[in-house]
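# Chain and residue survey
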2 protein chains.
Amino acid sequence: MVRSDPVDTLRRHGLSITAQRLAVLRALARRPHGSADAIVEQVRAEINVISRQAVYNALGTLTEKGIIRRIQPAGSPAIYENRVGDNHHHLICRTCGKTVDVDCAVGKAPCLKASDHAGFQIDEAEVIYWGTCSKCLGAASGIRDQAIPRRNLKVSASKTEPKRNPI
Amino acid sequence: MVRSDPVDTLRRHGLSITAQRLAVLRALARRPHGSADAIVEQVRAEINVISRQAVYNALGTLTEKGIIRRIQPAGSPAIYENRVGDNHHHLICRTCGKTVDVDCAVGKAPCLKASDHAGFQIDEAEVIYWGTCSKCLGAASGIRDQAIPRRNLKVSASKTEPKRNPI
DNA sequence: CGTAATTGTGGACTGAATCAAAAAAAATAA
DNA sequence: TTATTTTTTTTGATTCAGTCCACAATTACG
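Residues numbered from 1 in each chain as written. Chains lettered and ligands numbered in written order. Predicted model: local features only at pLDDT ≥ 70, side-chain atom pairs only at ≥ 80, totals over all residues. Heavy atoms only, no water.

## Description of the confidence of the model for chain A
Residue and element names in this part refer to chain A. Chain-level pLDDT for chain A is 77 on average; 72% of the residues reach the 70-or-more range. Confidence, read as mean pLDDT per element, is least for helix 5 (residues 134-138) in chain A (83) and greatest for helix 4 (residues 52-64) (96). Ignoring residues within four places in sequence, the model shows residues 141-167, a span with pLDDT below 50, making 28 contacts including any to other chains. (pLDDT = per-residue confidence, 0-100. Helix = DSSP H or I, 4+ residues; strand = E, 2+ residues; numbered from the N terminus. Contact = heavy atoms within 4.5 Å.)

What follows is the structure, encoded as structure tokens:
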């Protein structure tokens, strides 16, 4: 069941079919993990014009319908993906923002069970692995590729030296 | 090892001791999961005046030093906690934002291992369980307590259901 | 103490995302 | 088809969390 036809997808969910939504879907099909801004750009390359708001609208309703998924990594703008419904997780590079999918660590969907629910009714387990991708590991010096310039984990390279705790 | 003396904590990490930092630490000791804004408020109740920036500064350096931890739930402002170094996770109520700690699902620190590293060097696994707390489950109607008003998962109650004849 | 370094203050500013009203396009009915 | 109604897009302003900046205040250290 590949059924990757965007028109059909929209229709099946009872959504109006608009050029903008189709373009957003295609953009997501092309690039797995795009930020709203990246999608705006991509869509503008395909369709000539689209408002930023229209992209947010599309992403919003598509997310609501469960057609796409929104991931909101700490300190970075949200990114979207069209792989849904299989409880996979993400591995994000702190340096360049590159995001890759990883399957659940312990098998099927064990992450969905917290050891103590504390009375909560859990509907989703979100797992993000933070690290450094191989490319950024290599260029560890100062290349600063910065696809998604995470401003929060402030660069802090060697500003406050004494990382190693004395005594 | 309770060693909850803020002055000592700061000193041990080679940080200057300022009224603002102490107040921030105390605020965090009092309330486990506070947003920057909530902390500003709390600190202003104790100390008379503190700039928002000072709070952000304090939270930033304390986070850098590993004295506190920053959690950035999708779509909500960051929250901070003073329980660090034990790889626990969080359970957040989508409705009211209430956050509780949960210990790692599968034992010690299994979540730290993704099944496929894809060449990444992982340094942290962030796990957030999303759900609804017991209180909000009860008041499922429309109480709208909204401690942290997650604006992203837009309420979307029945906006897109005009198909159903409303009588 | 006095001086240098660190930290705090207030205000302007940024970027991501949202809101709101009018214009345009789709869906539905005729 | 055309008319009409509903949904979506556009445009522009607005919020919100967080940051940047220059200068004043405080802290640490000799």
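## Description of the packing of helix 2 (residues 19-30) of chain B against helix 3 (residues 36-46) of chain B
Residues and elements named next belong to chain B. Running from amino to carboxyl end, helix 2 crosses helix 3 at an angle of 110°, the nearest separation of the two axes being 9 Å. Our classification of the angle between helix 2 and helix 3 gives roughly perpendicular. Note on packing geometry: the crossing formed by helix 2 with helix 3 is right-handed. Seen from helix 2, the contacting residues are Ala23, Val24, Arg26, Ala27, Leu28 and Arg30; seen from helix 3, they are Ile39, Gln42, Val43 and Glu46. (Axes fitted to C-alpha atoms, helices over the stretch in contact; angles between N-to-C directions. Parallel < 35°, antiparallel > 145°, perpendicular 65-115°, else oblique. Left-handed = near helix turned anticlockwise from the far one by under 90°.)

## Remarks on the sheet that holds strand 2 (residues 69-71) of chain B
If you trace the three strands from one edge of the open sheet to the other, you get 1-3-2 (chain B), paired in antiparallel fashion. Every other strand in the sheet has two partners, leaving strand 1 (34-35) and strand 2 of chain B as the edge strands with one partner each. (Pairing = 2+ DSSP bridges.)

## Some remarks on the nonpolar core
With 24 residues, the main nonpolar core has A:Leu91, A:Phe120, A:Tyr129, B:Leu91, B:Phe120 and B:Tyr129 as its most contacted residues. Of all the secondary structure elements, the ones that give two or more residues to this core are strand 4 (89-93), strand 5 (99-102) and strand 6 (121-132) of chain A together with strand 4 (89-93), strand 5 (99-102) and strand 6 (121-132) of chain B. A:Ala27, A:Ile50, A:Ala54 and A:Leu59 belong to the second-largest nonpolar core, a separate cluster that totals 22 residues. (Core = buried A, V, L, I, M, F, W, Y, C linked by side-chain atoms within 4.5 Å. Buried < 20%, exposed > 50% of the residue type's maximum accessible area, 1.4 Å probe, protein only.)

## What about the protein's contact with DNA strand D?
Surveying the vicinity of DNA strand D reveals 20 residues, the closest of which are A:Thr18, A:Arg21, A:Ala54, B:Gln53 and B:Tyr56. Backbone atoms, meaning sugar and phosphate, form 73% of the atoms of DNA strand D found within 4 Å of the protein. The contact in question runs from a sugar or linking oxygen of DNA strand D to an N or O atom on the side chain of A:Ser16, over 3.3 Å. Interatomic distance of 2.7 Å between a side-chain N/O atom of A:Arg21 and a phosphate oxygen of DNA strand D. (Near = heavy atom within 4 Å. Polar contact = N/O pair within 3.5 Å; in protein donor to acceptor, adjacent residues only side chain to side chain.)

## Some words on the protein's contact with DNA strand C
The full set close to DNA strand C counts 18 residues, and A:Gln53, A:Tyr56, B:Gln20, B:Ser51 and B:Ala54 are the nearest of them. If you look at DNA strand C and keep only atoms within 4 Å of the protein, 76% of those are sugar or phosphate atoms. Side-chain polar atom of A:Tyr56 to a phosphate oxygen of DNA strand C: 2.7 Å apart, as the coordinates give it. Between DNA strand C and B:Ser51 there is a distance of 2.8 Å, counted from a phosphate oxygen to a side-chain nitrogen or oxygen. Taken together, the elements giving at least two residues each to the surface near DNA strand C come down to helix 4 of chain A together with helix 2 and helix 4 (52-64) of chain B. Counted by class, the surface near DNA strand C contains eight nonpolar, eight polar and two charged residues. (Nonpolar A, V, L, I, M, F, W, Y, C, P; charged D, E, K, R; others polar.)

## Section: the domain arrangement of chain A
All names here are of chain A. Segmentation of chain A into domains returns domain 1 (1-84) and domain 2 (86-152). Each partner contributes to the interface: domain 1 provides 13 residues, whereas domain 2 provides 16 residues. Across the interface of domain 1 and domain 2, roughly 1,200 Å² is buried in total on both sides, 49% from carbon and sulfur atoms. A per-residue breakdown of the area domain 1 buries against domain 2 is headed by His33, Arg69 and Arg83, which together make up 42% of the total. (Domains from an automatic or database assignment. Buried area = accessible area lost by both parts, 1.4 Å probe.)

## Observations regarding the pattern of salt bridges
Inspection of the entire model under this criterion finds 18 salt bridges over all chains. A salt bridge links A:Arg12 to A:Asp8; the nearest nitrogen and oxygen atoms lie 3.6 Å apart. Within this pair, A:Arg12 and its partner A:Asp8 are both found in helix 1 (residues 6-12), separated by four residues, close to a single helical turn. Residues joined in a network through salt bridges with shared partners are A:Arg69, A:Glu81, A:Asp123, A:Glu124 and B:Arg94. (Salt bridge = Lys/Arg side-chain N within 4 Å of Asp/Glu carboxyl O.)

## Comments concerning the sheet that holds strand 6 of chain B
Read across the sheet, six strands follow the order 5(A)-4(A)-6(A)-6(B)-4(B)-5(B) without closing on themselves; strand pairing throughout is mixed. Every other strand in the sheet has two partners, leaving strand 5 of chain A together with strand 5 of chain B as the edge strands with one partner each. Within the sheet, the average angular offset between the axes of one strand and its neighbour, ignoring direction, is 25°. In the sheet, strand 4 of chain A pairs with strand 5 of chain A via four bridges, with the strands oriented antiparallel. Each bridged residue has a counterpart across the sheet, and for A:His89 the counterpart in strand 5 of chain A is A:Val102.

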